[in-house]
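Take a look at the letters that make up each chain.
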Amino acid sequence: YTSGTTGRPKGVMLTHANLVAMALNFHADMLAIGPDDVLIHVAPLSHGSGLYAIPYWMHGGLQVVPESGGFDEGELADLLCHYRNASLFAAPTIITRMVRHQGENPRDLPGLRCFFAGGAPFYAQDIKAAVACFGPRVAQMYGQGETPMTISALRAEAIAQAVARDDMAMLSSVGYAQTTVEIDILGEDGTRVPPAQVGEIVVHSPTVMAGYWQNPEATARTIRNGGLWTGDMGLVDERGLLHLKDRSKDVIISGGSNIYPREVEDALLAHPGVREVAVIGVPDPEWGESVMAIVVAQDGVSEEALDATCIASIARFKRPKHYAFVDSLPKNPTGKVLKSELRKRHVR
């Protein structure tokens, strides 16, 4: 089932061939594994972690479910000391919590081979912190249930090199198209947008689902001419890197200009006192919509300081007009921020 961040979850019909293609893309683009490899399941088996069990089964890898049945920092650290060649699918929030745990309880984790980051935006500042903490053992993928775990990817070595070079273009991307994937960036009329311009990400691949369970209307809206219209907005740069902007439903239109929340979130996360942030649009009588930032921050972080951080890296009109400081952001079990819930709480 889809994660339901933009509406009611839909059942995704995946064929045997879809899952074989997904696994082969994993071996080609994420990590080459063998029977000595271990996959630790701290994330829900109903989504990415369970899907990545398949390439491990194919090569005889060991599957480990923690005794807690979920994610606990200390328990995971113990498992990464006990097992060797151990990897795990992890939403970025899991990785950032492990970085924090390592800072508070430093220890070697000799068994860690790789974090597979996915399921939610992984911001450049958090990637840098993760590589500083764990070394070249953080990979990233972008996919959807409708093309399971398989649209684009960056191997751990590429991410570590990008951190070393301070290659912000690569760190702010979600990588290159995976081996069997063709990515188009299309406008609403179905034509390709000019190079390096934003449009909807459309995927052609043998990983694309058969359709939505008992929902032919949604299937017809999502699969057109054999391509999966992802509902995500993005662009492909001159190097072939895919840059994910936002869900089409999350784009803020203020004064006739499109503002992509992720760009604003990236800017705010450059402030050292900001732990997490989500940006939404709120009604504005003059501009149609204006930008609101919901921030999880250390005590003492001011709106003025956050404004200055934004102005240093993005256009002035994109900076938030409203701020709300909260203790935590609402998330679903896969770690995605529930912006629909934030709108209920903060939009009046």
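Above this text is the structure in question.
Residues numbered from 1 in each chain as written. Predicted model: local features only at pLDDT ≥ 70, side-chain atom pairs only at ≥ 80, totals over all residues. Heavy atoms only, no water.

## What to know about the pattern of salt bridges
The final tally for this structure, using the stated rule, is 14 salt bridges. A salt bridge links D78 to R107; the shortest N-O distance between them is 3.1 Å. You can see D78 sitting in helix α3 (residues 73-82) and its partner R107 sitting in the loop between α4 (92-104) and β5 (112-117), a full 29 residues away along the chain. The class for D78 is partly exposed, based on a relative accessible area of 42%. With a closest N to O distance of 2.4 Å, E276 and K331 form a salt bridge. With E276 in strand β17 (residues 274-284) and K331 in the loop between β19 (322-325) and α11 (339-346), this pair connects stretches of sequence that are 55 residues apart. By relative accessible area, which is 25% here, E276 ends up partly exposed. When salt bridges with common partners are traced through the structure, they connect R165, D167 and R239 into a single cluster. (Salt bridge = Lys/Arg side-chain N within 4 Å of Asp/Glu carboxyl O. Helix = DSSP H or I, 4+ residues; strand = E, 2+ residues; numbered from the N terminus. Buried < 20%, exposed > 50% of the residue type's maximum accessible area, 1.4 Å probe, protein only.)

## Concerning unusual backbone geometry
One non-glycine residue, M149, lies in positive phi territory at about 60°. Structurally, M149 can be placed in strand β7 (residues 147-154). Of note in this structure, D166 is not a glycine but carries a positive phi near 55°. When you line up the elements, D166 lands in the loop between α6 (156-165) and α7 (168-171).

## Brief notes about the pairing of strand β9 (residues 182-186)
Counting buried residues in β9 gives four out of five residues, a clear majority hidden from the surface. Here β9 pairs with strand β10 (residues 199-204) via five bridges, running antiparallel. Note that in β10 the partner of E182 across the bridge is H204. (Pairing = 2+ DSSP bridges.)

## Thoughts on the sheet that holds strand β18 (residues 288-297)
Pairing within the open sheet is mixed, and its three strands lie in the order β17-β18-β19. Two strands bound the open sheet, and with one partner strand each, they are β17 and β19. Looking at each pair of strands side by side, their axes are set apart by 25° on average, direction ignored. In terms of strand pairing, β18 meets β19 through four bridges, oriented parallel. (Axes fitted to C-alpha atoms, helices over the stretch in contact; angles between N-to-C directions.)

## Some words on the sheet that holds strand β2 (residues 38-40)
In space, the seven strands of this open sheet follow the order β3-β2-β4-β5-β6-β7-β8, with mixed pairing throughout. The open sheet has two edge strands with one neighbour each: β3 (62-64) and β8 (176-177). Where β7 and β8 come together, two bridges link them in antiparallel fashion. Along β8, the bridge assignment pairs S152 with A177. Where helix α1 (residues 16-29) meets the sheet, it contacts β5 and β7, and its direction lies at approximately 15° from that of β7. (Contact = heavy atoms within 4.5 Å.)

## Examining a nonpolar patch on the surface
A contiguous nonpolar surface patch, about 370 Å² in accessible area, is contributed by Y1, M13 and W213. As for its placement among the helices and strands, M13 is situated in strand β1 (residues 12-13). Residue classification places M13 among the partly exposed positions, given a relative accessible area of 31%. (Patch = residues over 30% accessible without salt bridge, like charges linked within 9 Å, V, L, I, M, F, W, Y side chains within 5 Å. Areas by Shrake-Rupley, 256 points an atom, 1.4 Å probe, with all protein chains shown as cover.)

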